[in-house]
Amino acid sequence: MHTVEVAVSLLLVAIIVVSLLSNVVVLICFLYNAEIRKQVPGLFILNLTLCDLLLTVSNMPLTLGGLIYRGHPGGQGFCQIVGFLDTFLTTNSMLSMAALSIDRWVAVVFPLSYHSRIRHRDAVIALCYTWIHSLSFSVVASCLSWVGYHQLYASCTLCNTRASGVRTQFVVYTLVLHSVTFLLSLVVLCVTYLKVLKVARFHCKRIDVITMQTLVLLVDIHPSVRQRCLEEQRRRRQRATRKISTFIGTFIICFTPYVLTRVMELFELIPISPQWGALCKCLAYSKAACDPFVYSLLRHQYRKTCRDIANRLLKRRARSLNINSGAPSRQENGKKWRREKEVRRTREQEQAQEGEEEEHCTGP
């Protein structure tokens, strides 16, 4: 193996580990927290998490095997199944991100009528469309035998060499697929999130005006307090911009090189090296590792759920250790538990206030 192939293989191993662990954590949070399950965005996040998780366990290990052995380790029928999943899961995840962006746009632009505009029934209809959309392109490619092992990407995916007799149809199919999936999702993300950013900046500006008026009235306020308020204003504006940039930027960085390479491959504009093809495929896979952090784990509600799960596991472990090593009296444990509960409740209230202030600018 060349140095580049070794580096790409190591990168893919890291992506598999991070994607598997993070998506499993999101799935556990969804099953553990009833409030997350009640929210409409939770359905889109669940669908996105399942797609990323299936892509991690089905496609990524075989791509890693293709890089190591320089060939597909399985049979032709198995490769067609994996290729079908590659097209279906990637398309489904892109459309799920577009649906999430529309949901957040409605939540921020129409906060008072959000629950009447976006209901669980509407979310189910949107998910049904994403599944029908993804299945239609995947089934067409599989029925026409356009799916197989592609040496350029070291993976089972759409393969132009299997459509040599019907090249024009394959070119049209590929362009339509990327136009109504990648390009459509990118346009939706940019339009909705930029509108969200506009509204968020407007709200932040109103908060800044109120803060400045308060500072003017409080003539006896200490200069350090005034400085902290001004710094919080700046951080609030930067936080909104950073979130929107993360949503759009990760989508562009992860998917654009792969889609452009597929288009250049169709028209044979320039020679493409296998190392570049494998790297582009790994970048597309890396979106599955980024999604849990971008859409879930960095939000206050998911962080709180992770802390609750960790505290419960640690308490069970501590209880078992106390039983084995001679536990203190039940009264002492009760007092200690009540003190910890009061401290934890105070911390949760402070973190909830910070989370509400943080998400005020970007919506739910």
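Just above sits the structure.
Residues numbered from 1 in each chain as written. Predicted model: local features only at pLDDT ≥ 70, side-chain atom pairs only at ≥ 80, totals over all residues. Heavy atoms only, no water.

*Asks:* Report on the side chain of Asn33, specifying residues and quantitative values.
*Replies:* Mapped onto the secondary structure, Asn33 falls in the loop between α1 (3-32) and α2 (34-38). A polar atom in the side chain of Asn33 sits 2.8 Å from the backbone nitrogen of Glu35. Look past the residues within four positions of Asn33 in its chain and what remains in contact with it is Gln301 and Thr305. (Helix = DSSP H or I, 4+ residues; strand = E, 2+ residues; numbered from the N terminus. Polar contact = N/O pair within 3.5 Å; in protein donor to acceptor, adjacent residues only side chain to side chain. Contact = heavy atoms within 4.5 Å.)

*Asks:* Give a description of the pattern of salt bridges that names residues and reports values.
*Replies:* If the charged atoms of two oppositely charged side chains come close together, the side chains can form a pair. This structure, assessed with the given rule, holds six salt bridges. A salt bridge links Lys38 to Glu35, with the shortest nitrogen-to-oxygen separation between them at 4.0 Å. In this pair, Lys38 and Glu35 both sit in helix α2, three residues apart, roughly one turn of the helix. Assessed through its relative accessible area of 44%, Glu35 is described here as partly exposed. Among the ionic pairs, Asp308 bridges to Lys304, the shortest N-O distance being 3.3 Å. Here Lys304 and Asp308 lie together in helix α11 (residues 300-325), a separation of four residues that amounts to about one turn. (Salt bridge = Lys/Arg side-chain N within 4 Å of Asp/Glu carboxyl O. Buried < 20%, exposed > 50% of the residue type's maximum accessible area, 1.4 Å probe, protein only.)

*Asks:* Residue-level account of the state of the cysteines, with values.
*Replies:* Counted by the stated rule, this structure contains one disulfide. Across a sulfur-sulfur distance of 2.0 Å, Cys79 and Cys156 are joined as a disulfide pair. Here the disulfide of Cys79 and Cys156 is left-handed, its torsion about the S-S bond being about -115 degrees. Note that Cys79 is positioned in helix α5 (residues 76-109) and Cys156 in strand β2 (residues 155-158), a separation of 77 residues in sequence. Among the residues examined, Cys156 registers a relative accessible area of 4% and is labelled buried. Distance from the sulfur of Cys159, which forms no disulfide, to the nearest cysteine sulfur (Cys79) is 8.5 Å. (Disulfide = S-S within 2.5 Å.)

*Asks:* Could you give an account of a nonpolar patch on the surface, naming the residues involved and the relevant values?
*Replies:* A cluster of nonpolar side chains, Leu20, Val24, Ile28, Tyr32, Leu54 and Val57, forms an exposed patch at the surface whose accessible area comes to about 480 Å². Elements supplying a minimum of two residues to the nonpolar patch: α1 and α3 (40-58). The biggest single contributor to the nonpolar patch is α1, with four residues. By the secondary structure assignment, Ile28 is in helix α1. (Patch = residues over 30% accessible without salt bridge, like charges linked within 9 Å, V, L, I, M, F, W, Y side chains within 5 Å. Areas by Shrake-Rupley, 256 points an atom, 1.4 Å probe, with all protein chains shown as cover.)

*Asks:* With reference to specific residues and values, describe the packing of α1 against helix α10 (residues 274-297).
*Replies:* Relative to each other, α1 and α10 sit at 20 degrees, their axes nearing to 9 Å. Judged by the angle between their axes, α1 and α10 are roughly parallel. Along this stretch, α1 crosses α10, giving a crossing that reads as left-handed. Together, Val4, Glu5, Val8, Leu11, Leu12, Ile15, Val18, Ser19, Ser22, Asn23, Val25 and Val26 of α1 and Gln275, Ala278, Leu279, Cys282, Tyr285, Ser286, Ala288, Ala289, Pro292, Phe293, Ser296 and Leu297 of α10 make up the contact between the two elements. A class-by-class count of the residues in the contact of α1 with α10 yields 17 nonpolar, six polar and one charged. (Axes fitted to C-alpha atoms, helices over the stretch in contact; angles between N-to-C directions. Parallel < 35°, antiparallel > 145°, perpendicular 65-115°, else oblique. Left-handed = near helix turned anticlockwise from the far one by under 90°. Nonpolar A, V, L, I, M, F, W, Y, C, P; charged D, E, K, R; others polar.)

On their own, these measurements won't tell you what the molecule is for.
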